[in-house]
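So the chains spell out like this:
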Amino acid sequence: MVEITEVLVHSRAERAGIEKNDILLSINGNAISDVLDYRFYLADTSIDIELRRGESVFTVHIDKGEYDDIGLDFATPLMDKKQRCENKCIFCFIDQLPSGLRESLYFKDDDSRLSFLHGNYITLTNLSEQDVDRIINMHITPINVSVHTTNPKLRVKMMKNKHAGEVLSYLEKFKSGGTHMRGQIVLCKGVNDGEELLRTMHDLEKLYPAMDSVSIVPAGLTKFRDGLYPLEAFTKDECREVIKTVTEFGDKCKEKHGTRLFYPADELYIKCGLPLPCADFYEDFTQIENGVGMIASLADEFGAELPFLPDYIEQLGEKHRTVSVATGAAAYDFIKSLCDRLMSLCDNLTVNVYKITNNFFGQQITVSGLLTGKDIFEQLENKELGETLVLPANTLRSEGDLFLCGMSKEELAEKLSVEVAFSSDEGCDFVSKIFGVEPF
């Protein structure tokens, strides 16, 4: 049972007489404990909702379209507390954070509901057999799983959880129950690479088509690793070897299943200097949120936007526009190539592209999503920024207001005395932010 914190005006719930602070007990006789129960049982077209108001228990009836909302809000999106991760993974990024950041950054979630709702990856160690049955019975799919290794003993070692190996059995149970999965392998040098990586890919291939894609991502290592498991970054040659191993295995899967199934992260290509594959390599881009195919996707969308460039140039008119773009070290060369292309096609446009070194977390962290407002400010303070500074949207938290260091976007704009715009990883958005107009 959960408390209703808001009833939307003119909603079905309001018309049925439901009020703020009512306690939601059940829908069609099914007890409601969290958002999964609520969304699953709310899908019916004819629902009887049992509620408690003070000491009184009553029922209202609502007829609705399938999957239509009825207008209720709750204290938290999950209608419950987030489940905390109980593992001590040797590569955990949160354990590598310095002190003094926002308290919420230190919370380790491992919640299957967030996997379904927001694409978060879970380790399975928080799930019971009953939880697995519930996911299957409710057709919650896909489930995003942080696998890392299918060697039970090694998984226990990597995650420092005695149950980490045995819960791998849930993968087969999900497959049998019709639940689709997406996997992630955080690769640690000398731990789960080499032969162990091959073993894991062989085991996960057996789960196809239930397991429809797997990303291979190198562990992110900050400068705050004192007292933690000794991990080293992959060298250029080692990155090449990982790419070769994953690509050759993926080629065999492509021939056998019609999909390559396994994808190396963009970061691996960039670090060793290999050209990134074209967009077709990534098929449906199912692992793009893991940094897999982001550059290929943006390149493809950027190319698709170029035919509309005359419209952007017409909007600019005779006015000369100077803007700046800042990004992480990993994407710098690529972003600069896009901006150079725009300038070559538009005489009235100047784009200054700046590489931001991650001094906050350490220079081994090169992705834009882990840049801080502090580093951006300190490295752009005396630079020519023009009318607008364009930053990747993923430098902000999901609410779109704060950088990792706690600086707000408004504070950064004030400090740099420039308008700051944030671009998504979509080509049309990037071009429109450069020109300062709406996409065509």
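The structure this text deals with has already been given above.
Trainee: Describe the overall build of the protein chain, listing the residues and the values that go with them.
Mentor: Across its full length, the protein chain carries 15 helices and 14 strands. At 24 Å, the protein chain has a C-alpha radius of gyration in line with the 22 Å of a compact globule built from 440 residues. On the principal axes, the C-alpha backbone points of the protein chain span a range of 70 × 55 × 45 Å. Each of the 440 residues in the protein chain was classed as buried or not, and the buried ones make up 50%. Put simply, 69% of the contacts in the protein chain that link residues at least 6 apart link residues at least 24 apart. Taking the average place of the 47 positive charges on the side chains of the protein chain and the average place of its 72 negative ones, the gap between the two points comes to 6 Å.

Trainee: I'd like a rundown of the environment of Phe-74, residues and numbers included.
Mentor: In this structure, Phe-74 sits in strand E6 (residues 72-74). Taking C-alpha positions, Phe-74 is 10.0 Å from Leu-24, a pair spaced 50 residues apart along the chain.

Trainee: Tell me about helix H12 (residues 332-345), residues and numbers included.
Mentor: The end-to-end C-alpha distance of H12, which contains 14 residues, comes to 20 Å, matching closely the 20 Å that a straight helix rising 1.5 Å per residue would cover. For H12, the full list of buried residues reads Tyr-332, Phe-334, Ile-335, Leu-338, Cys-339 and Leu-342. Looking at the buried positions of H12, the neighbouring elements they touch are helix H10 (294-305), helix H11 (309-316), strand E11 (321-328), strand E12 (349-356) and helix H15 (427-435).

Trainee: Lay out the pairing of strand E14 (residues 419-423) in plain terms, naming residues and giving numbers.
Mentor: Most of E14 sits out of view: four of its five residues are buried. Where strand E13 (residues 388-392) lies against E14, five bridges are found, and the strand directions are parallel. When the sheet's bridge partners are listed, Leu-389 is paired in E14 with Val-420. A crossover links E13 with its parallel partner E14, the connecting element being helix H14 (residues 409-416), and its sense is right-handed.

Trainee: Any chance you could break down the environment of Val-351 for me, citing the residues and the numbers?
Mentor: Structurally, Val-351 is set in strand E12. Under the relative-accessibility criterion, Val-351 is labelled buried at 6%. Expressed as a C-alpha distance, the spacing of Val-351 and Val-325, which sit 26 residues apart in the sequence, is 7.0 Å. Look past the residues within four positions of Val-351 in its chain and what remains in contact with it is Val-323, Val-325, Cys-339, Met-343 and Ile-434.

Trainee: Report on the sheet that holds strand E9 (residues 211-218), specifying residues and quantitative values.
Mentor: Pairing in this open sheet of four strands is parallel, and the strands run E7-E8-E9-E10 from one edge to the other. The open sheet terminates on both sides in strands that have one partner only, identified here as strand E7 (143-146) and strand E10 (262-264). With direction set aside, neighbouring strand axes in the sheet form an average angle of 20°. Sheet topology places strand E8 (residues 181-187) next to E9; seven bridges connect them, and they run parallel. Pairing of Gln-184 across the sheet is with Ser-215, part of E9.

Trainee: How would you sum up the pattern of salt bridges? Please name residues and give values.
Mentor: Taken as a whole and judged by the stated rule, the model has 23 salt bridges. Residue Glu-248 pairs with Lys-244 through a salt bridge whose shortest N-O separation is 3.1 Å. Taken together, the residues span about one helical turn, with Glu-248 and Lys-244 both in helix H8 (residues 236-257) at a distance of four residues. A residue is classified by how much of its surface remains accessible, and Lys-244, at 44% relative accessible area, is partly exposed. Between Glu-387 and Lys-319 there is a salt bridge, and its shortest N-O distance comes to 3.4 Å. Placement of the pair is Glu-387 in the loop between helix H13 (373-380) and E13 and Lys-319 in the loop between H11 and E11, with a sequence separation of 68 residues. Judged by relative accessible area, which is 31%, Glu-387 ranks as partly exposed. Assessed through its relative accessible area of 49%, Lys-319 is described here as partly exposed. If you follow the salt bridges from partner to partner, you end up with Glu-19, Asp-22 and Arg-53 in one network.

Trainee: Requested: an account of the nonpolar core, with residues and values cited.
Mentor: Core analysis: the largest hydrophobic core is formed by 70 residues, its most contacted members being Ile-49 and Phe-262. Considering each element in turn, this core owes the most residues, six residues, to H8. Apart from residues no more than four positions distant in its own chain, Ile-49 is found in contact with Ile-18, Leu-24, Ser-26, Ile-27, Phe-58, Thr-59, Val-60, Ile-62 and Ile-70.

Trainee: Describe unusual backbone geometry, with residues and values.
Mentor: In this model, Thr-141 is joined to Pro-142 through a cis peptide bond whose omega is -5°. Along the chain, the position of Pro-142 falls in the loop between helix H4 (129-137) and E7. The residue after Tyr-208, namely Pro-209, is reached through a cis peptide bond having omega 10°. Looking at the element boundaries, Pro-209 is found in the loop between helix H7 (195-205) and E9. With phi around 50°, Asn-28 is a residue other than glycine that occupies positive phi space. With respect to the helices and strands, the residue Asn-28 is situated in the loop between strand E2 (23-27) and strand E3 (30-31).

Trainee: Could you give me a rundown of the side chain of Thr-395, with the residues and numbers involved?
Mentor: Checked against the element boundaries, Thr-395 lands in the loop between E13 and H14. A polar contact of 2.7 Å, which involves the side chain of Thr-395, links it to the backbone oxygen of Pro-392. Discounting chain neighbours no more than four positions away, the residues touching Thr-395 are Ser-368, Leu-371, Leu-402, Phe-403, Leu-404 and Phe-422.

The rules we used
Residues numbered from 1 in each chain as written. Predicted model: local features only at pLDDT ≥ 70, side-chain atom pairs only at ≥ 80, totals over all residues. Heavy atoms only, no water. Helix = DSSP H or I, 4+ residues; strand = E, 2+ residues; numbered from the N terminus. Rg over C-alpha atoms; globule rule 2.2 N^0.38 Å. Buried < 20%, exposed > 50% of the residue type's maximum accessible area, 1.4 Å probe, protein only. Contact = heavy atoms within 4.5 Å. Lys, Arg positive; Asp, Glu negative; His and termini not counted. Charge placed at Lys NZ, Arg CZ, Asp CG, Glu CD. Expected span 1.5 Å × (residues − 1). Pairing = 2+ DSSP bridges. Right-handed = clockwise from strand over helix to strand, strands pointing away. Axes fitted to C-alpha atoms, helices over the stretch in contact; angles between N-to-C directions. Salt bridge = Lys/Arg side-chain N within 4 Å of Asp/Glu carboxyl O. Core = buried A, V, L, I, M, F, W, Y, C linked by side-chain atoms within 4.5 Å. Polar contact = N/O pair within 3.5 Å; in protein donor to acceptor, adjacent residues only side chain to side chain.

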